[in-house]
Each structure stands twice: as C-alpha cells, then as structure tokens.
Amino acid sequence: MPCLDYDPASLPDLLPLYYRRLFPFSQYYRWLNYGGVQKNYFQNREFSFTLKDDIYVRYQSFSTQNDLEKEMQKMNPYKIDIGAIYSHRPKQHNTVKSGTFKALEKELVFDIDMTDYDDVRSCCSAADICLKCWTLMTIAIRILDRALRDDFGFQHLLWVYSGRRGVHCWVCDEAARKLSVAARSAVAEYLSLVKGGEETVKKVVLTDPIHPFIGESLAVVEHYFPRYALKDQDILGRQESVDKVLALTPEDVRKELQQVFQNEKKPEMRWKHVKDHAFKKQGTSKKSQHFDKEIMLQYCFPRLDVNVSKGVNHLLKSPFSVHPKTGRISVPIDLKELDTFDPFAVPTISLICEELDRPRTGEEEEKSEDAKEKEDEKDAAEKRKIRDYKRTSLAKYVKHFDQFLDSMARSRKGELLKKSDLQKDF
C-alpha cells in the first residue's frame, strides 16, 4: 500500500515533530489511566517501543503523562505497542522476586489482518490491500461489534485502523479488562467460525439448528456478498474461481451446477442457481443442506488471530502509532462512517507535518486564543499542542477518540453513583 506523499527515509526527521506537536498525549493518558479509579493502573502498564533499525525495547513504564511524553520525545519510537497491567512496574521487572511479576489485566483485544483472507481475495495478496478487499474489514467490524455488544454486553469498543492492512479492536469495559485467559479464549472461540489451514478446502461447516450468532452474522454477510464476492472478486466469473466455489458444494450438486454454468455465464445468475440447489437440498437431505451459507461465510466471515485475544500479556500496536512502511497513522474508526471509511484517505505523518506549516485559517480566532495564552508558559505550550493537531487531517480522528473517552467517563460516573446509592442507609 505505497503512499505517494510518504518516503520511509524521512521518518527519522518527521517523528520528533510528530511526538512534539501532534501526538494526542492528554487523550492517550486519559484513556489508559481509566479515570484513576484503580491505584497504579497507568504506572503498572507495559509499553514497548520499536526503534530505528528494529531495536526492540520492552517493559517500559511511566509514572505520569509527562514522563511518557518526555521518553517518547527522547526515543522517537517507530512503533508503539501496549501490553498488560502488571503486578509491579514493568521497568522494575528484573528487581522483583522471581515468579511474582505477573500480568493481571488488559483490554480484551482483537486483531484482524487482511493476509488471513488471501485464499478468498483475488484483487490483492500479502500486505497489499485495495478498496475492493477492504470490504472484508467492514464486514468483520460489523459482525464482531454487534456480537461483543449484544451477545456479551460490552459497551466500550475502540476500533482502530492498523495503518496498513488490518484493524484492531480494544474492548475497554472493566469486565473485559479483568477476564482470565480461559474466558478470553472462550470469547475468541465463540467468535471464530472459519477453521483449518491452506490444505483445508471446506473451512466452514454448519449444523442444524444454526446458532443465533451465525444467523445474525449471515444477515451482515448477505448484505455485502453480492458486491464483494460476485462483483469485486468475481468468484463465479473466472474458471479457477468457479472451481474453488464448486469444491465447497456436495458432489451431486457440483455435477449439476457444472452443466448449468456451461450455458449461464452471468455471476449473479450462477449464484441464484447455487442458492436454488441449496434450497432443494434442504427438503431432501440432513447433510450439506446449508452449503450456500457455508460458501458466503467462508468468503466473508471475520478471520481472527485468536492468540492475540487469548493472552493477557500479549502486546498490540497502539492507536496513533505510525506505520513505518506506509507512514499512515493508526487511527480510531468512527462506526457511524464505517461504510465510507477509506484506509487510503487516512493521513500520513508527512501530510500532517506539512499541514502544520500551511498558513492558518481563522486568524481572528487565533488572535483571541493567543491573547489568552499569555497566562503562563506551560499553559500556552499545552494549548499550542492542542491547536496543532486541530490544524491537520488528524483532528477528526482525535475528536472521535475524545467522544469515545467521554462515553467511558459518563459510564464510570454512572457506576460510581450506583455504588454510592447502594451504600446509603435508608
């Protein structure tokens, strides 16, 4: 996914500017501090930095937002990963008694990578993506977001574009952060349906009755399938693709469809024949009666890296980290605009650094702000930093992050009020 305005060689020059003037430190700290309700929550969090030339520094931890800022501005990491909250401060992990340094909590996280869909996309492969296959990420978010909210009752889901070829989800509810490894594994398994490696032809097998979660997911897949699979990937157009689809049907049906396809060349009509044969099968057979649904799910259902979700101590790339190869910022995704989200429109570090030097708009507003800024230097520096990202394409993504944090704060306040009401003596 090369970007015309970004040159990886410029990264060492751009990162100091990004961390000094654009990285949203106050929101970032507000997120990971979770209202300061739990003592040492932020202080015991592990951060990991990947520096230039792939130098990897684990078990970083910070006492305050200011400490984090200073260290990031000093080290200028190429990549930031976030880990668990530990029993002790991660930077002291070598000094504590052996066996006592343990990962206690972390957000429940999900990692969906486009490379895991290489067997069902013909437009791109490996690290490459385009808008045709990006639909797979849209489907994954729709299915998983609904299930995590409706089936598990989680509310605070932060969806983030990785900056290159995938998406991450951070489930930030207190209940999610406290889940055991066994519980995380159970959630990840519940949300997994596509099973088997490259050698497995049929990766989805449905049984009767179809589970409500699969039924809900099918409703999403059916909405996107005609455009994604039949039009953009042309799975019933080219012979090689047709053979792959027919391999997922029962043998007797396959022979009939091969004959039908000799006369019918339109992908939409071919798919109608597949569905008609599946409908007929439902009335006559107990086995393989949902093969049309299995095909749709195999081509479109989310493919999770379950190991990322299972481990409490697993690291995941941080929001607002810069992808060194594409230069794109790892930004939160606003689900209200999910169907129009364009990974290629996400700003690069070179673009937002260049935007800082462009002439300012709204001069009067600037003057009034500048007048207020004379109160004291520290306050002025903070305000300037806030105004800096607001003058770039990063602003709308930080605004969405702010809204997410406000929602979490309201929820925390509601919980505290509930607890205080329960403790009152009437």
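Conventions used here
Residues numbered from 1 in each chain as written. Predicted model: local features only at pLDDT ≥ 70, side-chain atom pairs only at ≥ 80, totals over all residues. Heavy atoms only, no water. Phe/Tyr/Trp six-rings, centres within 6.5 Å; stacked < 30°, edge-to-face > 60°. Lys NZ or Arg CZ within 6 Å of the ring centre and 35° of its normal. Helix = DSSP H or I, 4+ residues; strand = E, 2+ residues; numbered from the N terminus. Polar contact = N/O pair within 3.5 Å; in protein donor to acceptor, adjacent residues only side chain to side chain. Core = buried A, V, L, I, M, F, W, Y, C linked by side-chain atoms within 4.5 Å. Buried < 20%, exposed > 50% of the residue type's maximum accessible area, 1.4 Å probe, protein only. Contact = heavy atoms within 4.5 Å. Pairing = 2+ DSSP bridges. Axes fitted to C-alpha atoms, helices over the stretch in contact; angles between N-to-C directions. Parallel < 35°, antiparallel > 145°, perpendicular 65-115°, else oblique. Left-handed = near helix turned anticlockwise from the far one by under 90°. Nonpolar A, V, L, I, M, F, W, Y, C, P; charged D, E, K, R; others polar.

**Let's talk about the packing of aromatic side chains**
Applying the stated criterion to the full structure yields 27 aromatic pairs. The ring of Tyr 59 has Arg 58 sitting right over it, with the charged end atom 4.6 Å from the ring centre. Its guanidinium or amino end placed over the ring of Tyr 34, Arg 177 lies 3.7 Å from that ring's centre, counting from NZ or CZ.

**Side note on the environment of Asp 334**
Following the sequence through the fold, Asp 334 ends up in the loop between β8 (316-317) and α13 (349-356). As a C-alpha pair, Asp 334 and Trp 159 span 175 residues in sequence and 7.7 Å in three-dimensional space. Among the polar contacts made by the side chain of Asp 334, one reaches the main-chain amide nitrogen of Lys 336 at a distance of 3.0 Å.

**As for the nonpolar core**
Among the nonpolar cores identified, the biggest contains 122 residues, and Tyr 18, Trp 31, Phe 225 and Ile 349 are the most heavily contacted of them. Looking at this core, the element that brings in the most residues is helix α4 (residues 131-151), giving 11 residues. Not counting chain neighbours up to four residues away, the residues in contact with Trp 31 comprise Ile 82, Glu 107, Leu 158, Trp 170, Cys 172, Pro 319, Phe 401, Phe 404, Leu 405 and Met 408. Ala 84, Val 96, Phe 101 and Val 312 belong to the second-largest nonpolar core, a separate cluster that totals 5 residues.

**Regarding the sheet that holds strand β7 (residues 166-171)**
Spatially, 3 strands are ordered β5-β7-β6 in an open sheet, and the strand pairing comes out antiparallel. If you trace the sheet from one side to the other, it starts and ends with β5 (108-113) and β6 (157-161), each paired once. Within this sheet the neighbouring strands show an average axis-to-axis angle of 15°, counted without direction. Bridging between β6 and β7 involves 5 bridges; their strand directions are antiparallel. Bridge pairing in β7 links Leu 158 to Trp 170.

**Digging into the packing of helix α1 (residues 11-22) against α13**
The interhelical angle for the contact between α1 and α13, taken along N-to-C directions, is 60°, at an axis separation of 10 Å. As far as their axial angle goes, α13 and α1 are oblique. As α1 runs across α13, the sense of the crossing is left-handed. Within the contact between the two elements, α1 uses Leu 11, Leu 14, Leu 15, Leu 17, Tyr 18, Arg 21 and Leu 22 and α13 uses Ile 349, Ser 350, Ile 352, Cys 353 and Leu 356. When grouped by side-chain class, the residues that make up the contact of α1 with α13 number 10 nonpolar, 1 polar and 1 charged.

**Here we look at the packing of helix α9 (residues 251-263) against helix α10 (residues 267-284)**
In the contact formed by α9 and α10, the axes pass within 11 Å of each other and the chain directions differ by 150°. Taken together, the axis directions place α9 and α10 in an arrangement best described as roughly antiparallel. Where α9 crosses over α10, the two elements pack in a sense that is right-handed. Along its contact with α9, which presents Asp 252, Val 253, Glu 256, Leu 257, Val 260 and Phe 261, the element α10 presents Arg 270, His 273, Val 274, His 277 and Lys 281.

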